[in-house]
Amino acid sequence: MYSEEHLYSIALRECNLIGDINFYKLLNTFKSAKEVWDHAKKEYSKVDGIGRKTVSDIGNPKHLKFAEKELEFCEKNNIQINLRHLGNLPNLLKECDDAPAILYQKGNFDDTVTAVSIVGTRNITPYGKQFIDDFFEETQHSNFISISGLALGADKEVHEQSLHYQIPTTGVLAHGFHTFYPSKNKKLAEKMLENGGALFTEFNSSQKPDRENFIQRNRIVAGISPATIVVETAFGGGSISTATFANNYNREVFALPGKITDKYSQGCNQLIYQNKATAISTIKDLVDSLGFNKPKDKIEELFPRSEITIQFTENQKLIYTTIASNPQISLDDLAEKISMPSHKILPIILELELLGKVKSFSGRQFAAI
């Protein structure tokens, strides 16, 4: 089940000063963990940014002994070991510069299905809970995987609603698979695995849920998905770090706005104010932005949806069709094309915007939607 490369990768990652980035630098030069183990101490100068001190702990036999025990633990507990340099990580995650060198996995993760990360405070309010419930009710027929951190509060609600609507859900842990934190969520984690979900962690069986691990965990939550939704968070909450990682990875971030007096909306409001997240106005707009408007199963609908047909006035139709035929048209050019004064056009454009048919841009330019 496991190869020599797994053994030496675990041993190498245990060495002092060999973090994920240095690990990847060494592997890019030496091509295999075994080669790094055997040659890096003498040939470290081949690698940019790697000095004698960085490689001084490589070859330490105690790390190899630990790796042997870790392989036994993984085999006994049916844990998959994904190595970044062998291309085993989820596709989006392996694009990140600081992606984990090793990612341990239990359960199934279908990398061909779009993932969305949903995070928030442990102290979720009825407002945040209602949003999560409404989101999953709206997306229950969409084909996606939910990602969260399997903490209490918002994370727990995300995983539970996913299970309720039979949507695969993945939890990212801040510790090794030898323990479970918080223990209250252990049964939830087991249920996730039973229902086709997965658990990921970059931490081996010697690593406890230390405080700093949770921030480190958050970069995986952000990196594994094209979009992250922040439900509720206070100033400086852990979800802020997840949003920051997502921004750094050029991923989409959405935040649920709330009252400025509500403690657990203040972090979301700040993300929106700083242009680090798009404000969620409605569930429908969010679902459209995520591209979740395609049903999970392509079956003929027994009851076709009724579409609301908008009846344009004569002037609305004239202006809309002109804009549709001339994307990004300016107000002056529009006035010239339809022979109508601009002061009469502007109120009609406002009506079309309210109907969701026209969008305005800076410089008084317009496009049809």
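Everything below is about the structure shown above.
Residues numbered from 1 in each chain as written. Predicted model: local features only at pLDDT ≥ 70, side-chain atom pairs only at ≥ 80, totals over all residues. Heavy atoms only, no water.

### Let's talk about the overall build of the protein
For the record, the criterion: Here a helix means four or more residues in a row that DSSP labels H or I, a strand means two or more in a row labelled E, and each is numbered from the N terminus. For every residue, the accessible area (1.4 Å probe, protein chains only) is compared with the maximum for its type, and the residue is labelled buried under 20%, exposed over 50%, or partly exposed between those bounds. Any two residues whose heavy atoms approach within 4.5 Å at even a single point are treated as in contact. In this description, accessible areas are obtained by the Shrake-Rupley approach with a 1.4 Å probe, and a residue is regarded as covered only by the protein chains that are shown. For the purpose of charge, His is not counted, nor are the chain termini; Lys and Arg are scored as positive and Asp and Glu as negative. To locate a charge, take NZ of a lysine, CZ of an arginine, CG of an aspartate or CD of a glutamate.
Along the backbone of the protein there are 14 helices and twelve strands. Among the 369 residues that make up the protein, the fraction classed as buried is 48%. The contacts in the protein between residues at least 6 apart in sequence include a share of 68% that link residues at least 24 apart. With the model as given, the accessible surface of the protein reaches about 19,700 Å², and the carbon-plus-sulfur share is 48%. Within the protein, the 45 negative side-chain charges are centred at a point lying 6 Å from the centre of the 42 positive side-chain charges.

### With respect to the layout of surface pockets
The line we're drawing: The rule is simple: put a 1 Å grid over the protein atoms alone, call a set of points where a 1.4 Å probe fits but cannot get out a cavity, call an open set with protein on both sides within 12 Å along at least five of seven lines a pocket, and count a residue as lining if it has an atom within 4 Å of a point. Grid points are joined across faces, edges and corners, and a volume is the space filled by probe spheres set on the points.
Considered as a void within the structure, the second largest pocket measures approximately 390 Å³ in volume. Residue lining of the second largest pocket: 21 residues in total, with Arg-122, Arg-217, Asn-218, Gly-238 and Ser-239 positioned closest to the centre. Elements with a minimum of two residues in the lining of the second largest pocket: helix H8 (211-223) and helix H9 (238-248). With six residues, H8 is the single largest residue contributor to the lining of the second largest pocket.

### As for the sheet that holds strand E12 (residues 365-368)
The condition is simple: Should DSSP find at least two bridges between two strands, the strands are regarded as paired. The convention used is that axes are lines fitted to C-alpha atoms, helices contributing only their stretch in contact, and that angles between N-to-C directions extend from 0 to 180 degrees.
Across the sheet, which stays open at both edges, the three strands sit in the order E10-E12-E11 with antiparallel pairing between neighbours. The sheet terminates laterally at strand E10 (329-330) and strand E11 (358-361), the two strands that pair on one side only. Inspection of the sheet shows E11 paired to E12 by four bridges, in the antiparallel sense. Counterpart to Lys-359 in the pairing with E12 is Ala-367. Taken strand by strand, helix H12 (residues 314-325) contacts E10, E11 and E12, and its axis lies near 95° from that of E12. Running over the sheet, helix H14 (residues 342-354) touches E11 and E12 and is turned about 120° from E11.

### Quick look at helix H7 (residues 186-194)
Formally: For this quantity, the arc is that covered by the directions from the helix axis to the C-beta atoms.
Those residues of H7 lying buried are Leu-188, Ala-189 and Met-192. Along the axis of H7, the buried residues cluster in a sector spanning 100°; they form a single face. Relative to its buried face, H7 has exposed residues pointing more than 90 degrees away, namely Lys-187 and Glu-194. Elements that come into contact with the buried residues of H7 comprise helix H6 (154-164), strand E5 (169-172) and strand E6 (198-201). Immediately downstream of H7, the backbone of Gly-196 shows phi near 85°, a positive value.

### Section: the packing of helix H5 (residues 126-138) against helix H11 (residues 283-290)
The condition is simple: For classification purposes, angles smaller than 35 degrees are called roughly parallel, those larger than 145 roughly antiparallel, those between 65 and 115 roughly perpendicular, and all remaining angles oblique. We call a crossing left-handed when the near helix sits turned anticlockwise from the far one by less than a right angle, and right-handed when that turn is clockwise. By the convention adopted, Pro, Cys, Tyr, Trp, Phe, Met, Ile, Leu, Val and Ala count as nonpolar, Lys, Arg, Asp and Glu as charged, and the other residues, Gly among them, as polar.
One can describe the packing of H5 onto H11 by two numbers: an axis separation of 10 Å at closest approach and a directional angle of 55°. Judged by the angle between their axes, H5 and H11 are oblique. Remark: the crossing between H5 and H11 carries right-handed chirality. Of H11, the residues touching H5 (which contributes Phe-131, Asp-134, Phe-135 and Glu-138) are Ile-283, Leu-286, Val-287 and Leu-290. For the contact of H5 with H11, the class distribution of residues is six nonpolar, no polar and two charged.

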